[in-house]
Amino acid sequence: MHGERLDAELNLALGDKLTLVNRGFVQSLCLRFHAERPAAELAYADNLAETRRLMQLIREMQRQGVPLDPDGTATGPDRGEPDFQVKEKAVWQADLSLAVRNLAALRRARSALETSPGLDRLIEEGAAFVAELHDRAEAAGNLAPADPGEPASDAEGRSLEDFLEYLEDTDERFLAGEADTERPGDEALIAVLNTVLCNHFLAIEQFFLQGFLLEHCNEKALGEVRIGHSVDEMTCAFRVAQHIILLGAEPRPVFMPDIRLPHRVKVGSDPLAAIRHDLELTENLIATLEGAKTTAEPKTVDILSRSLETERKARTWLSGQLERLSKGEAPPEASGRFDTMLQRWAVA
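Cut-off values and rules
Residues numbered from 1 in each chain as written. Predicted model: local features only at pLDDT ≥ 70, side-chain atom pairs only at ≥ 80, totals over all residues. Heavy atoms only, no water. Helix = DSSP H or I, 4+ residues; strand = E, 2+ residues; numbered from the N terminus. Rg over C-alpha atoms; globule rule 2.2 N^0.38 Å. Buried < 20%, exposed > 50% of the residue type's maximum accessible area, 1.4 Å probe, protein only. Contact = heavy atoms within 4.5 Å. Areas by Shrake-Rupley, 256 points an atom, 1.4 Å probe, with all protein chains shown as cover. Core = buried A, V, L, I, M, F, W, Y, C linked by side-chain atoms within 4.5 Å. Axes fitted to C-alpha atoms, helices over the stretch in contact; angles between N-to-C directions. Parallel < 35°, antiparallel > 145°, perpendicular 65-115°, else oblique. Left-handed = near helix turned anticlockwise from the far one by under 90°. Nonpolar A, V, L, I, M, F, W, Y, C, P; charged D, E, K, R; others polar. Expected span 1.5 Å × (residues − 1). Salt bridge = Lys/Arg side-chain N within 4 Å of Asp/Glu carboxyl O.

A. Local environment of the overall build of the protein. Of regular secondary structure, the protein possesses 11 helices and 0 strands. When the helices and strands of the protein are listed from N to C terminus, the series reads α-α-α-α-α-α-α-α-α-α-α. Taken against the 2.2 N^0.38 rule, which gives 20 Å for 348 residues, the C-alpha radius of gyration of the protein at 20 Å falls within 12% of a compact globule. When the backbone C-alpha atoms are referred to their principal axes, the protein occupies close to 55 × 45 × 40 Å. When the 348 residues of the protein are sorted by exposure, 54% land in the buried category. Long-range contacts, defined as pairs at least 24 residues apart, comprise 85% of the intrachain contacts of the protein with a sequence gap of at least 6. When the accessible surface of the protein is summed, it comes to about 15500 Å², and 51% of that surface belongs to carbon and sulfur atoms.

Spelled out as structure tokens, the structure:
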């Protein structure tokens, strides 16, 4: 019973952190476009901090022998309907609600353990984050700039502007900010784009967790590639979110059922199962993107085609690794990128 309780609470916390990361990324883009730059920078800083805490939680779960299973059975709640917000106060209130629940799950998990310095740190930071969000919600519209103090890790030293400058896919119209645009009349197109966006969120999460699982199973080279594929999915998600915003719409959980994937992250218990799960998801992503293209206008088709190219390359790689693992061949040599990532994010 002790183990079941710990598993359930840590996976609830894991799911909440995954949602905070993906939702926070999109919300920072919305705030940036709608001329709320100080709030956008705070939201992006939250996104980076939660990314680090997500990795710290994964590591703690692995130390405790807890399987990475943020979505559980098919009867559980669906995390694929994030409560996106585009106005500053609503962003802080929505994040506060989720951060409070996340903190409570971490505290319940901690009570089931005699000692856990990793959870102690996460709880301390989680409590400070809840207090900060509460203050922001109370003072929305009158916020101090993001704290330029020493970041908790090297990776958290970048701003949203740094990210947008680095990314090749940033549209000049997005950088210019909000213009006089009418709400698009093609609601079906917006539903398609929101569905594709949330499908990408699923891939970001699964491939990222799979990277940690594979590294833990001494397939570090495969883990490095899975993390890389997760980043590729993030780039795809950015293009879609940016397109939705530039169309004068908002990212929101309004879906096209025919192309929506159930938001169920499947992490394998061993390398072979992990690659099989990722190949299955990649095949599903390809099918849904091909379906989405049939209902889209030229600009959207171009964005979806680029996502399809990413998925097809991933499918080829996954198929090759599935064959290697099925034959029991030795793992390839790791490049060191996984260790470098952990060092940049100050994750032990």
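B. Quick look at the nonpolar core. If you look at the biggest cluster of nonpolar residues, it comprises 101 residues, and the most contacted ones within it are Leu14, Leu29, Leu57 and Phe212. A total of 17 residues in this core trace back to one element, the largest contributor, which is helix H7 (residues 187-216). Setting aside its immediate chain neighbours within four residues, phenylalanine 212 contacts Met55, Ile58, Arg59, Gln62, Ile227, Phe338, Met341 and Leu342.

C. How the structure looks around the packing of helix H2 (residues 37-63) against helix H4 (residues 117-138). Interhelical geometry of H2 versus H4 gives an angle of 160° and a closest axis separation of 10 Å. Judged on the interaxial angle alone, H4 and H2 are roughly antiparallel. When you trace H2 past H4, the crossing you get is left-handed. Of the residues in H4, those in contact with Leu42, Asp46, Glu50, Arg52, Arg53, Gln56, Leu57 and Glu60 of H2 are Gly118, Leu119, Arg121, Leu122, Glu125, Phe129, Leu133 and Arg136. Of the residues contributing to the contact of H2 with H4, the split by class is 6 nonpolar, 2 polar and 8 charged.

D. Just the environment of asparagine 194, in detail. Position of asparagine 194 relative to the elements: it lies in helix H7. Expressed as a C-alpha distance, the spacing of asparagine 194 and valine 254, which sit 60 residues apart in the sequence, is 6.5 Å. Apart from the residues lying within four places of it in its own chain, the contact partners of asparagine 194 are Ile244, Glu250, Pro251, Arg252, Val254 and Phe255.

E. Representation of H4 within the structure. Here H4 is 22 residues long and its end C-alpha atoms lie 32 Å apart, about the 32 Å a rise of 1.5 Å per residue gives. Listed in full, the buried residues belonging to H4 are Leu119, Leu122, Ile123, Glu125, Gly126, Phe129, Val130, Leu133, Arg136 and Ala137.

F. Region of the structure containing the pattern of salt bridges. Scanning all chains against the criterion turns up 31 salt bridges. The salt bridge involving glutamate 50 is made with lysine 17; its shortest N-O contact spans 3.1 Å. Of the two residues, glutamate 50 is situated in helix H2 and lysine 17 in helix H1 (residues 2-33); the sequence distance between them amounts to 33 residues. Of the residues examined, lysine 17 reaches a relative accessible area of 2% and is grouped as buried. Between arginine 312 and glutamate 290 there is a salt bridge, with its nearest N and O atoms 2.9 Å apart.

Worth remembering: the numbers are spatial, not functional.
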